[in-house]
Structures are given as structure tokens and as C-alpha cells.
Amino acid sequence: MKHTKLEGIVTAMITPFDSNGRISESGIAALCDFLIEKGVNALFPGGSTGEGVLLSVEERKQLAELVLKHAQGRVPVVIHTGTNLPHETLELTKHAESIGAAGAAMIPPFYYGYDDKCLLDYFGTIAEATPQFPLYLYHIPINAKNDIKPALVKELVKRYPNIVGLKDSSQDYLRFLDYVEELGEDFTILMGSDCMILSCLIMDGKGGVTANSTAFPEPFVEMYKYFKAGDLQKAKEMQMVCAKIRKIFRSSTFLTCYKVALGFRGIDVGTARKPLREMSADEQRTMRRLFEELGVLR
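Here the residue index of a chain counts from 1 through its sequence in written order. Owing to the predicted nature of the model, reporting of local features is limited to residues with pLDDT of at least 70; listing and counting of side-chain atom pairs is limited to 80 or more, with chain, interface and lining totals taken over all residues. Hydrogens and waters are ignored; side-chain quantities use all the structure's heavy atoms.

J.: Residues and numbers for the nonpolar core, please.
T.: In terms of nonpolar packing, the biggest core is built from 85 residues, with L43, L137, F249, M287 and F291 touching the most fellow members. Should any heavy atoms of two residues lie within 4.5 Å, those residues are considered in contact. With residues up to four places along the chain from it excluded, the contact list for M287 reads I248, F249, S252, C257, V260, A261, F264 and M279. Throughout, nonpolar core names a set of buried Ala, Val, Leu, Ile, Met, Phe, Trp, Tyr and Cys residues whose side chains join them through atoms within 4.5 Å. Note on classification: 1.4 Å probe, protein chains only; a residue is buried when its accessible area is under 20% of the maximum for its type, exposed when over 50%, partly exposed between these limits.

Okay, structure coming up:
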């Protein structure tokens, strides 16, 4: 199956909301322009960073349509369509295919523990129903609870050729290496931990799906460009900047911090959806000071 292969810096987008808590088209337009003009290689809306599990099915469809509308074909858009219910995942995946997305990514069903046979059936059902649409597995065991083992991925790929890649957010570098060894060069493996992207690239990964680049894409883009140009020293320097950005965000209010940081950069994307909370004025001042000291507020 021919498809656009994902590589480089794939930004896990936040979801902009307006003052009434609805998805903001103007916010999406501004964010798409910002990220694409800064040089990211693809967009990934509706995932963990995008508060996907806090959106209704109809809101997720609206988000997908608006991102594709405003990306205007400038970069590939892969939609996160995973849910806890197979019929909803299938509905969202078919919708993503129908509106012209470059692919869909799916977490496994979560909360309950599912064995490999359950997950083989879950992912296989979606893949079989969308045989011409590129699908990416999304391994995030800390949130989804369920482990997408390399042997399971290998079996899925053997049965369903439209499963073309995987995002590994396990934060386990040995697991990433297992995927590389088991699945080979033609399978797209993307790192989901921002401090390991360069290590992933060096070991035949194709890039990273990065949350922190939604507010600060520049060092991530520069890191990838330096790597592709063969300047490993400069790439390492940029990877350290990316790791420091991640550390600042990790010490701030979960998810809301990305939206506040975008506000620092002149892009109004509202706040996060409850039960996530807003940042206090003191928290915002502290975070701004740290980013200023790092030199990434431009």
C-alpha cells in the first residue's frame, strides 16, 4: 500500500477552545499556521496532548476536519482515533479516512487489562474495515494500562499491511530497540518521549511525535535538520534544549501549561478542559521566567 511515510517532527497538537469551552476554529487556524511555518513535518491532533479523551465523538470529528482544513495539505495530518470502545474507534477512523487524513493512530482500549488476543481482535477489526488507510499503533502503557508487545505488532503487521507504524510513548528505550529489531526498516517507529528523539533517530527510528513542540517547535525542528545534515554535535545541543523544555513543562500544570506557553507566544488557544485546571498567576510567572532564562521565548 502506497502512503505518505511519517518522519521528522510530528507535533502532538493541543486543542484550542474558545471562552465558552467550544473548539476554536480561529485557534486551530493560528496554531496550524504557527507550527507549519516553524517547519514541523506533520500534525497529530486529538491525542493525549490534544485532550482527546475529554472530547465527544462529534467534537473529535470537528477537530479533525478543522485541522485538515487549515493545514491545507502543507503537511500530513494523522488523526488520533483511539477510544475505549471498538465501534467508536472504527467510526472515528473511517471518518479520518473519509476527510483525507494521512492516517490514524490508535491507543489500545484502556482501564481494564486486555491480553494479546483481545488487542489483536481490537486492532485487527479496525484494520480490516479500513484496508487502504494507513494505521499507526500508539503504545502508551502508563495511560492505557495495556502493553502492545513487539510480537503482537509483528503479528498485526503480517495480517494487516495497512498497519504501517507505531508511536512508542513507553519511555522505555529498550522497548523501542525491541520494536526496531522485530519490525525492520520499512515499519515507521516514532518516539513519543521528547528527550529520546535523537537517540531514536540514531537507532533507525523515523522521528518523534512530540507534545512540547506544540508550543516550542523551533529546537525540535533544528535538531532534526542537524541530524539529517550529519551534524550530530549540533543535534545533541538541540536535544538538550528540548529536554530542558520538557522538564519545565513537567514541573508545571499538566496540559494547561502548553496553552499558557502558546499565549506567551501570542497565540490564543484558551485553557484546558475540566477536570484539568488553570494555572495560577504565580505559576504562569514562574514558567515564563524559566523559558526566558532558557532563551526559547522568541
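J.: Now, about helix α4 (residues 116–129): what can you tell me, with residues and values included?
T.: Relative to the 20 Å expected for 14 residues at 1.5 Å per residue, α4 spans 20 Å between its end C-alpha atoms, a close match to the ideal helical length. Secondary structure is summarised from DSSP: a helix means a run of H or I of at least four residues, a strand means a run of E of at least two, and numbering begins at the N terminus for each. For α4, every residue scored as buried is listed here: L119, L120, Y122, F123, G124, I126 and A127. Close packing links the buried residues of α4 with α3 (86–98), β4 (103–106), β5 (135–139), α6 (150–159) and β6 (163–168). Under this definition, polar contacts are N or O atom pairs within 3.5 Å; protein pairs additionally need one hydrogen-donor-capable and one acceptor-capable atom, and for neighbouring residues in sequence, both atoms have to be side-chain atoms. Where α4 begins, the capping side chain belongs to D115, and its oxygen is found 3.2 Å from the backbone nitrogen of K117. A helix is expected to span 1.5 Å for every residue after the first.

J.: Now, about the side chain of Q239: what can you tell me, with residues and values included?
T.: Tracing the backbone through its elements, the reader meets Q239 in helix α10 (residues 232–250). A residue is classified by how much of its surface remains accessible, and Q239, at 8% relative accessible area, is buried. Not counting the four nearest positions on each side in its chain, Q239 is found in contact with D194, C195, M196, I197, L198 and M223.

J.: Which residues make up the packing of aromatic side chains, and what values do they have?
T.: Here a Phe, Tyr or Trp ring, Trp counted by its six-membered ring, pairs with any other such ring whose centre lies within 6.5 Å, and the pair is stacked when the planes are under 30 degrees apart, edge-to-face when over 60, and tilted otherwise. Here the structure, examined in full by the defined rule, presents 8 aromatic pairs. Geometrically, the ring pair formed by Y173 and F176 is stacked, given 5.5 Å between the ring centres and 25 degrees between the ring planes. Placement of both Y173 and F176 in helix α7 (residues 173–183) is noted, with a separation of 3 residues, approximately one turn of the helix. Since its relative accessible area comes to 26%, Y173 is described here as partly exposed. On the basis of relative accessible area, F176 is assigned to the buried category, the value being 0%. One aromatic cluster is present, built from ring pairs that chain together F216, F249, Y258 and F291.

J.: An account of the environment of V157 is requested, with residue identities and associated values reported.
T.: Structurally, V157 can be placed in helix α6. Take V157: its relative accessible area is 25%, and that puts it in the partly exposed class. As for V157 and L183, which are separated by 26 residues in sequence, their C-alpha atoms are 8.6 Å apart. Filtering out sequence-adjacent residues up to four positions away, V157 remains in contact with I163, L183 and F187.

J.: Which residues make up the pairing of strand β1 (residues 8–12), and what values do they have?
T.: Burial runs high along β1: 5 of the 5 residues are buried. Paired strands are those between which DSSP finds at least two bridges. In terms of strand pairing, β1 meets strand β8 (residues 207–210) through 4 bridges, oriented parallel. In the strand pairing of β8, V10 is matched with V209. Pairing between β1 and strand β2 (residues 42–44): 3 bridges, direction parallel. If you follow T11 over to β2, its bridge partner there is L43.

J.: Pulling in residues and values, what's your account of the pattern of salt bridges?
T.: One side-chain nitrogen of Lys or Arg within 4 Å of one carboxyl oxygen of Asp or Glu is enough to make a salt bridge. Scanning the entire structure with this criterion turns up 19 salt bridges. Across the pair E237 and K234 runs a salt bridge whose closest N-O atoms are separated by 3.9 Å. Separated by 3 residues within a single helix, E237 and K234 lie in helix α10, roughly one turn from each other. With a relative accessible area of 36%, K234 lands in the partly exposed category. A salt bridge links E283 to R277; the shortest N-O distance between them is 2.8 Å. What makes E283 partly exposed here is its relative accessible area of 28%.

Function cannot be read off these values alone, since they describe shape.
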